[in-house]
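Each chain, letter by letter, is given below.
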Amino acid sequence: MKSVLVVAHDAGAAEIIGAYLKTHTKGKHYSVYAAGPAARIFRRERIPFRVIRENKKNIAHIVAKHRDAALALLGTGWMTTIERESLTCAKKAGIRTAVYLESWGDYRTRFGYPAKNWKDTLPDELWVGDRFAWTLAGHYFPGVARRMVRNQYLAGIASRYRKSSKRRDRIVFMSRPAPNTAHMIKELLQHTHYPIRIRLHPAEDPKRFDGLIKQHKGRIEKSREKDLVHDLVRARAVVGPETVAMVASASVHIPTVRICTGTPILPHHIQTATTVARALKILRL
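Description of the structure in this document. (Residues numbered from 1 in each chain as written. Predicted model: local features only at pLDDT ≥ 70, side-chain atom pairs only at ≥ 80, totals over all residues. Heavy atoms only, no water.)

Attention now goes to helix α4 (residues 82-92). Restricting attention to buried positions, one finds in α4 the residues I82, E83, E85, S86, L87, C89 and A90. Buried positions along α4 lie against β1 (2-8), α3 (56-65), β4 (71-74) and β5 (97-100). Where α4 ends, the next residue or the one after it, G94, has phi of about 80°, a positive value. (Buried < 20%, exposed > 50% of the residue type's maximum accessible area, 1.4 Å probe, protein only. Helix = DSSP H or I, 4+ residues; strand = E, 2+ residues; numbered from the N terminus. Contact = heavy atoms within 4.5 Å.)

So, about the nonpolar core. Residues F111 and L232 are the most contacted members of the largest nonpolar core, which totals 50 residues. Here L232 is in contact with I157, Y161, M174, V238, A248, S249, V252 and I254, once residues within four sequence places are set aside. Judged by nonpolar contacts, the second largest core, of 24 residues, contains V4, A8, F42 and V149. (Core = buried A, V, L, I, M, F, W, Y, C linked by side-chain atoms within 4.5 Å.)

Going through the model one piece at a time under the given rule, you end up with 17 salt bridges. Across the pair E45 and R44 runs a salt bridge, and its minimum N-O distance is 2.9 Å. Assessed through its relative accessible area of 26%, R44 is described here as partly exposed. With a shortest N-O distance of 2.4 Å, D210 and K222 are connected by a salt bridge. One end of the pair, D210, is in helix α8 (residues 210-215); the other, K222, is in strand β10 (residues 220-222), and 12 residues separate them in sequence. (Salt bridge = Lys/Arg side-chain N within 4 Å of Asp/Glu carboxyl O.)

So, on to the packing of aromatic side chains. A full pass over the atoms with the stated rule returns eight aromatic pairs. A centroid spacing of 6.4 Å and a plane angle of 80° characterise the contact between Y100 and W127, whose relative ring orientation is edge-to-face. With a gap of 27 residues between them, Y100 in strand β5 and W127 in strand β6 (residues 125-128) connect regions that are remote in the sequence. W127 shares its class with Y100; the two are buried. On the basis of an interplanar angle of 85° and a centroid distance of 5.5 Å, the ring pair of F111 and F141 is categorised as edge-to-face. With a gap of 30 residues between them, F111 in the loop between β5 and β6 and F141 in the loop between α5 (131-140) and β7 (145-148) connect regions that are remote in the sequence. Each member of the pair F111 and F141 is classed as buried. One aromatic cluster is present, formed by Y107, F111, Y113, W118, Y140 and F141 through successive ring pairs. The ring of Y113 carries R108 above its face, with NZ or CZ at 4.0 Å from the centroid. (Phe/Tyr/Trp six-rings, centres within 6.5 Å; stacked < 30°, edge-to-face > 60°. Lys NZ or Arg CZ within 6 Å of the ring centre and 35° of its normal.)

Structure below.
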């Protein structure tokens, strides 16, 4: 049976890798290590894992223990060095490496660019889930093999959404760990009468916005749903700072607007606004 070493920390790749693991079990044995948001996601999905620490000695010990693995499958975290250090150790141990590019931006910086020897940290293979990512990966990493691997996370969301009854009675605000998100929510409260449900990013403090919610009780709530689909079925529209969760809402044809003043990253046909007021005008809310 083939052995695969899996290391994940950040939420984006963990969602996709977790969904991949659950649909590709035949003929493979996975040794899964996780920390941070990835640990919470794998626990939610009931994927067995061991905890990995952000410690070079600990990471080197774990990789050495699995030196006979046929593949090391990793994400590309920005919150810690766990995935990048695991990639470096796996390459040194002679393990074939693959990284799933779960988003569409900052591709080179994920591997240490512009450091002098950043190309030394590139994996043997890059996994992508759509044609846009395929093209970007080929542009930024012309010498690295690419593989199209279906994004089972998004596919699962779309399937469950189609089978669910819809209420579409509120605006779902997709949050992320950025300082300006609270200001966006306050603007939403000023410009619309629709109830607002905040869906926190997995990296955010679970208690974030508690004061704001208490202040505007009845008009705003925080999602307690583990499954994104349970929020999407309530969404008349989705708005917020640019976040990968918006790809899911747009893919099931929910009106979605990202509030973004810089260059948008997400490749899908998601409309863009520079202010909350403009976003609501686009959504006709």
